[in-house]
Each structure stands twice: as C-alpha cells, then as structure tokens.
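Residue strings, one per chain:
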Amino acid sequence: MNENFELENMREQMNTLKKKLEKQEIVNDGLMRRSMKNTAGNISRRYYLIMALCLLMIPYSYWAFVMLNGFSIPFWIFTCVTMLVCFGGTFYNSRKVSDSNMMTNNLVDVRRRMARAKKFDANWLFLGIPLAIVFLGWFMYESYLLHPDAFFNGLFWAGCIGGIIGAVWGFSLHFKTQRQYQEIIDQIEDITAEQ
C-alpha cells in the first residue's frame, strides 16, 4: 500500500514537472519570437528611413547640385535614377521583413525568408558600390568643370568628406543589418532544434 502511494506521488510529481517544462518551452518560444519580431522591426524601420531618404534626395539633389552649384542636368538625372534604384531594392527587400504575421508563421518559412533577405542585402553591395563610385567620380568631374583652375576647392573637399562619411555610415548599417538577420536565423534554428 505504501509503495503504491509513493508510486502515485512520483507520477503526480512527474506530471507536474512535465507541465512546468511545457509552460517553460511555451514561454521561451514566445520570448524568442518576440525578440525576433523586434529585431525584424528594427530592420524594417531602417529600411523605411532609407527609402524616405532616397525619395527626399531627388528634389534636394536638384536644389543642391543644379541650382546651388551649377552641376549638369544629366548628373542630376543619374542621381535621381540611382536614388530610385536604391529605393526599389530597399522596398523589395523590406517586404520580406515587414510582414506583421511573420513570427506567427511556420518558422522554417520565416528562416528561408530571412536567409533570402540577408543574401539580397549582401549582394546589394555588388550594385551599390559601383553606383557610389560612379556617382563620386562624376561629382568630382562636375566639380572640376566648375573650377578647373582650382581643382581642390571647397566643393571637392565637401564631396570627399561626404563620400567618406557616407561610406562609413553605409557599411556600418550594412553590417548591423547582416548581424540582425543572422540573429533571427540563429534564434529560429535554436527553436526548431529543440522541437
């Protein structure tokens, strides 16, 4: 009789422990999904900021380059096309991240989407860097045309400083975004490995 009581008591304790572990897994899963959603939200906000800056650069570049400094209209058109290409690429990739139901969906699909978005973001440099080099080269050429006798003028140095600041800012954003994509992918792998 005493053995049955102890055995029953052990079964109850095991069931209680199982329930606690299941609750803990649900809580951990929920916390990880919330963390992934916050990280994806940070990436989305960054993409929206970049898209807004791309669109604002179109009228601003006309004022700054053509009206204020006398640069050519073809340079401004190239700047506009570059900004629209950047806007389009950023918009395309932001759709993979900004799904409001993304973290409630199948995690395997979410991981696949995040991996694709990360790859697209990494491959974007193959287009972005050449565009930036052409833009800066053309900027220097336009600056030279305006002041051929004083090549190292204020406009030239402003372009150099702006290019350096833009490169540092762009690469830091790129690497931060890549890290955040990897965090989401790693968290999904942790969750799916436990299941």
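Provided above is the structure to which this section pertains.
Residues numbered from 1 in each chain as written. Predicted model: local features only at pLDDT ≥ 70, side-chain atom pairs only at ≥ 80, totals over all residues. Heavy atoms only, no water.

J.: Describe the overall build of the protein, and please don't skip the residues or the numbers.
T.: Of regular secondary structure, the protein possesses five helices and zero strands. For the protein, the sequential pattern of α-helices and β-strands runs α-α-α-α-α. Counting across all 195 residues of the protein, residues that qualify as buried make up 29%. Counting only contacts in the protein whose residues sit at least 6 apart along the sequence, the fraction spanning at least 24 positions is 75%. For the protein, the exposed area adds up to about 12,700 Å²; of that, 65% sits on carbon and sulfur atoms. (Helix = DSSP H or I, 4+ residues; strand = E, 2+ residues; numbered from the N terminus. Buried < 20%, exposed > 50% of the residue type's maximum accessible area, 1.4 Å probe, protein only. Contact = heavy atoms within 4.5 Å. Areas by Shrake-Rupley, 256 points an atom, 1.4 Å probe, with all protein chains shown as cover.)

J.: Give me the environment of histidine 174: which residues, what numbers.
T.: Relative to the helices and strands, histidine 174 is located in helix α5 (residues 154-194). A relative accessible area of 11% places histidine 174 in the buried class. Separated by 53 residues in sequence, histidine 174 and aspartate 121 place their C-alpha atoms 7.7 Å apart.

J.: Lay out the side chain of serine 44 with the relevant residues and their values.
T.: Looking at the secondary structure, you find serine 44 in helix α1 (residues 2-67). Discounting chain neighbours no more than four positions away, the residues touching serine 44 are Val97 and Ser98.

J.: Which residues make up the layout of surface pockets, and what values go with them?
T.: Roughly 1,500 Å³ of internal volume is contained in the largest pocket. Taken together, 45 residues form the lining of the largest pocket, with Met83, Ala132, Gly166, Trp169 and Gly170 sitting closest to its centre. Elements that contribute at least two residues to the lining of the largest pocket include exactly α1, α2 (73-97), α3 (107-123), α4 (125-146) and α5. When residues of the lining of the largest pocket are assigned to their parent elements, the largest contribution, 14 residues, is made by α5. (1 Å grid on protein atoms, 1.4 Å probe; cavity = no way out; pocket = protein on both sides within 12 Å on 5 of 7 lines; lining within 4 Å. Points joined across faces, edges and corners; volume = space filled by probe spheres on them.)

J.: Account for a nonpolar patch on the surface, naming residues and giving values.
T.: Taken together, the side chains of Tyr60, Tyr62, Trp63, Met67, Leu68, Ile73, Ile77, Val81, Val85 and Leu127 define a hydrophobic patch exposed on the protein surface, amounting to about 930 Å² of accessible area. Here tryptophan 63 lies in helix α1. (Patch = residues over 30% accessible without salt bridge, like charges linked within 9 Å, V, L, I, M, F, W, Y side chains within 5 Å. Salt bridge = Lys/Arg side-chain N within 4 Å of Asp/Glu carboxyl O.)

J.: Before we move on, can you summarise the nonpolar core with the specific residues and values?
T.: In this structure, Met36, Ile43, Val97, Met114, Tyr181, Ile184 and Ile188 are the most contacted members of the largest nonpolar core, which totals 14 residues. For this core, the secondary structure elements donating two or more residues are α1, α3 and α5. Element by element, the count of residues in this core is highest for α5, at five residues. (Core = buried A, V, L, I, M, F, W, Y, C linked by side-chain atoms within 4.5 Å.)

J.: Can you break down the pattern of salt bridges residue by residue, with the values?
T.: Applying the stated criterion to the full structure yields two salt bridges. One salt bridge connects arginine 111 with glutamate 189, and the closest N-O pair in it is separated by 2.7 Å. With arginine 111 in helix α3 and glutamate 189 in helix α5, the pair connects residues that are 78 residues apart, well separated along the chain.

J.: I'd like a description of the packing of α2 against α3, backed by residues and values.
T.: Put simply, α2 and α3 touch, their axes get as near as 9 Å, and they point 160 degrees apart. Comparing the axis directions of α2 and α3 gives the class roughly antiparallel. Helix-helix and strand crossings are classified by hand; for α2 and α3 the assignment is left-handed. Counted together, Gly89, Tyr92, Asn93, Arg95, Lys96 and Val97 of α2 and Arg113, Met114, Arg116, Ala117, Phe120 and Asp121 of α3 form the full contact between these two elements. Looking at the contact of α2 with α3, its residues break down into five nonpolar, two polar and five charged. (Axes fitted to C-alpha atoms, helices over the stretch in contact; angles between N-to-C directions. Parallel < 35°, antiparallel > 145°, perpendicular 65-115°, else oblique. Left-handed = near helix turned anticlockwise from the far one by under 90°. Nonpolar A, V, L, I, M, F, W, Y, C, P; charged D, E, K, R; others polar.)

J.: So, the packing of aromatic side chains: which residues are in play, and what are the values?
T.: Each aromatic ring pair is summarised here by two numbers: the centre-to-centre distance and the angle between the ring planes. A complete count under the given rule lists 17 aromatic pairs for this structure. Seen in terms of ring centroids, phenylalanine 65 and phenylalanine 71 are 5.6 Å apart; in terms of plane orientation they differ by 10 degrees. Their pairing is stacked. Of the two residues examined, phenylalanine 65 and phenylalanine 71, each falls in the buried class. A network of ring pairs unites the aromatic residues Phe65, Phe71, Phe75, Phe78, Phe135, Trp138 and Phe139 as a single cluster. (Phe/Tyr/Trp six-rings, centres within 6.5 Å; stacked < 30°, edge-to-face > 60°.)

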